[in-house]
Amino acid sequence: MAVWSIWWAMRQTRTARLILLNKPYGVLPQFTDREHGRSTLADLVPVPGVYPAGRLDRDSEGLLALSDDGALIARIADPRHKLPKTYWVQVEGVPTDAALERLRRGVTLNDGPTLPAAAERMEEPPGLWPRDPPIRVRAAIPATWIALTLREGRNRQVRRMTAAVGFPTLRLIRWSIGDWTLDGLAPGAWREVTVPAPAPAARVRPEPRRSGPAAAGSSRRRR
């Protein structure tokens, strides 16, 4: 009986397909662009039935996760799960300690304050591929790399955060999502992994509405 139970439990463990892509600059994070005919994920990942878990703007590079499992996509993309995402950010100028501390504590944007983040200066990543087209360079203003780790995902959040502390983003590369990284992936390349599929979120049945004197008494007691 115990052996049968183990076999049955193994049969019930669902797996999900997960694709890790190094999205190049200029590629839309979607599979079609009928209106403008720009480069899309379909040019890089000829795999049916997978969808991106979250977004990575056309002018950003790096790790993009795709899956065929809706629950896994939600777990990766939904800010409520606070899955850490680390970015390599090349900024204009040399960020001061005060600017980095503001990023760590959270900055106030036009859609509200951000959550605290991890922010550190870093050397240019070794073996980093050149961007096509290259970034805009000013001879009189140096550029600096920082590593920034967020646990939320607002529209163009990294760029807005660095601009808010006085150091505009020149180049943005997402290095990791949770434990998954770009390690070994050239621009446009991808690898597939199989992961346990999270259980779909349980639906909570609403309590039936009561009416009459009993309901009124119950309401008074809850107060």
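It should be noted that the structure appears before, not after, this text.
Everything quoted here is computed from the prediction, not taken from an experiment.

(A) Summary view of the pattern of salt bridges. Summed over all chains, the structure comprises 16 salt bridges. The partner of Glu61 in a salt bridge is Arg171, and the shortest N-O contact between them spans 2.7 Å. With Glu61 in strand β3 (residues 61–67) and Arg171 in strand β9 (residues 169–177), this pair connects stretches of sequence that are 110 residues apart. In this structure Glu61 comes out as buried when scored by relative accessible area, which is 2%.

(B) Layout of the pairing of β3. With respect to burial, β3 is a largely interior element, seven of its seven residues being buried. Pairing analysis gives two bridges linking strand β2 (residues 51–52) to β3, with the strands arranged antiparallel. Across the sheet, residue Pro52 finds its bridge partner in β3, namely Leu66. Relative to β9, β3 runs parallel, the two being bridged by two bridges. Across the sheet, Glu61 pairs through a bridge with Ile173, a residue of β9.

(C) View of helix α2 (residues 70–77). Taken residue by residue, α2 has Leu72, Ile73 and Ile76 as its buried positions. For α2, the arc enclosing every buried residue in end-on projection is 100°, short of the 170-degree limit, so these residues lie on one face. The backbone nitrogen of Ala71 has a side-chain oxygen 3.1 Å away, supplied by the residue at the start of α2, namely Asp69.

Criteria and cut-off values
- Residues numbered from 1 in each chain as written.
- Predicted model: local features only at pLDDT ≥ 70, side-chain atom pairs only at ≥ 80, totals over all residues.
- Heavy atoms only, no water.
- Salt bridge = Lys/Arg side-chain N within 4 Å of Asp/Glu carboxyl O.
- Helix = DSSP H or I, 4+ residues; strand = E, 2+ residues; numbered from the N terminus.
- Buried < 20%, exposed > 50% of the residue type's maximum accessible area, 1.4 Å probe, protein only.
- Pairing = 2+ DSSP bridges.
- Arc of directions from axis to C-beta.
- Polar contact = N/O pair within 3.5 Å; in protein donor to acceptor, adjacent residues only side chain to side chain.

Keep in mind that these numbers describe shape and distance, not what the molecule does.
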